[in-house]
Amino acid sequence: MLSSNSIVGVGTGSTTNCFIDLLAEIKHTFDAAVSSSDASTHRLRNLGIPVLDLNAAPSVDVYVDGADELNDAKQLIKGGGAALTREKIVASAAERFICIADASKRVTRLGGYPLPVEIIPMARSVVARQLVGLGGRPEWREGVVTDNGNWILDVHDLHIEQPEAMESSINNLPGVVCNGLFALAPADCVLLATPDEIIEIE
């Protein structure tokens, strides 16, 4: 339940845009938002919702974001919108992380969706070779620069049997800023939309 001093963390992407539009209808019930991307910040402010820098927020009560893929352990692949690093930071700061997604995003094993990896530009080739060594097929998302000024490699064909270990292994590669596996700190709750109902995974 939101209160007049609540701060809402807001993610990035098409599903989150729908949430932002609905959030505008109840903007009088909370204090401000913290955003995970420049695009979401722009949308929030255009709808009259105050946006705080995370450093200025005393706390974040709840973070709401979508997912490109998720499993029943509430572990996610995110980063289709290239905001994965900031998304992971804001999610980590929130007391509760709620993922909202279409039921089609639910899978038994993560990795069907290419795993986004944010990298320092000079390390593109070095990181790509190491990702091949982990069994993946990295592709540079040409023309995309993150809000942090970095590049994205999308890693296809990864067999992610142990998401926590894979997340750590990739993050430990020199030149990697962050990867789109949310496994070490999964969502606290997932709300899946079907044509007939909302399925809640707690």
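So, how was this worked out
Every chain is numbered on its own, with residues counted from 1 as its sequence reads. Per-residue local features of the predicted model are confined to residues with pLDDT of at least 70, and side-chain atom pairs are confined, for both listing and counting, to 80 or more; whole-chain, interface and lining totals are unaffected and use all residues. Just so you know, side-chain values use all the structure's heavy atoms and leave hydrogens and water out. Ring geometry is summarised as follows: Phe, Tyr and Trp rings, the Trp one being its six-membered ring, pair when their centres sit within 6.5 Å, and such pairs are stacked at plane angles under 30 degrees, edge-to-face over 60 and tilted between the two. Numbering goes from the N terminus for both helices and strands, where a helix is a DSSP run of H or I of at least four residues and a strand is a run of E of at least two. Exposure classes here rest on a 1.4 Å probe applied to the protein chains alone. A residue is buried below 20% of its type maximum, exposed above 50%, and partly exposed in between. Charge over a ring is defined by NZ of Lys or CZ of Arg lying within 6 Å of the ring centre and within 35 degrees of the ring normal. DSSP-based pairing: two strands are paired if at least 2 bridges between them are found. Two residues form a contact once any of their heavy atoms are found within 4.5 Å. For helices, the fitted line uses only the C-alpha atoms of the stretch in contact; every axis is such a line through C-alpha atoms, and the angle between N-to-C directions lies from 0 to 180 degrees. Among the buried residues, those of types Ala, Val, Leu, Ile, Met, Phe, Trp, Tyr and Cys that are joined through side-chain atoms within 4.5 Å form a nonpolar core.

Caption draft 1: Just the packing of aromatic side chains, in detail. Within the structure shown, the criterion is met by 3 aromatic pairs. Geometrically, the ring pair formed by tyrosine 63 and phenylalanine 97 is tilted, given 5.3 Å between the ring centres and 50° between the ring planes. Note that tyrosine 63 is positioned in strand 4 (residues 62-65) and phenylalanine 97 in strand 7 (residues 97-102), a separation of 34 residues in sequence. Given a relative accessible area of 3%, phenylalanine 97 falls into the buried group. In this arrangement the basic side chain of lysine 88 is found over the ring face of phenylalanine 182, its NZ or CZ atom lying 5.0 Å from the centre. Taking the ring centre of tryptophan 140 as reference, the NZ or CZ of arginine 124 above it sits at 4.2 Å.

Caption draft 2: Region of the structure containing unusual backbone geometry. Backbone geometry places alanine 82, a non-glycine residue, at a positive phi of 65°. On the secondary structure map, alanine 82 appears in the loop between strand 6 (76-77) and helix 3 (84-93).

Caption draft 3: Looking closely at the sheet that holds strand 3 (residues 51-52). Reading across from one edge, 3-2-1-4-7-13-14 is the order of the 7 strands in this open sheet, with mixed pairing throughout. Taken across any chain shown, the strands that pair with only one partner, and hence form the sheet edges, are strand 3 and strand 14 (198-201). Strand direction decides the pairing type here: strand 4 and strand 7, joined by 3 bridges, are parallel. Bridge pairing in strand 7 links aspartate 65 to cysteine 99. Against the sheet, helix 1 (residues 14-23) engages strand 1 (7-10), strand 4 and strand 7, with an angle of about 155° to strand 1.

Caption draft 4: Seen up close, the nonpolar core. Counting residues in hydrophobic clusters, the biggest one holds 19 residues, and the most contacted among them are Leu70, Leu76, Phe97, Cys99 and Val190. Secondary structure elements with two or more residues in this core: helix 3, strand 7 and strand 13 (189-193). Beyond its immediate chain neighbours, meaning those up to four positions away, cysteine 99 contacts Asp65, Gly66, Ala67, Leu70, Leu76, Ala187, Cys189, Val190 and Leu191. With 18 residues, the next largest nonpolar core counts Leu115, Ala123, Leu153 and Met166 among its residues.

Caption draft 5: Just the sheet that holds strand 5 (residues 69-70), in detail. Strand order in the open sheet made by the 3 strands is 5-6-12, with antiparallel pairing throughout. The open sheet has two edge strands, strand 5 and strand 12 (181-182), and neither has a second partner. In this sheet, strand 6 lies alongside strand 5 in antiparallel orientation, the contact comprising 2 bridges. Paired with leucine 70 across the bridge in strand 6 is leucine 76.

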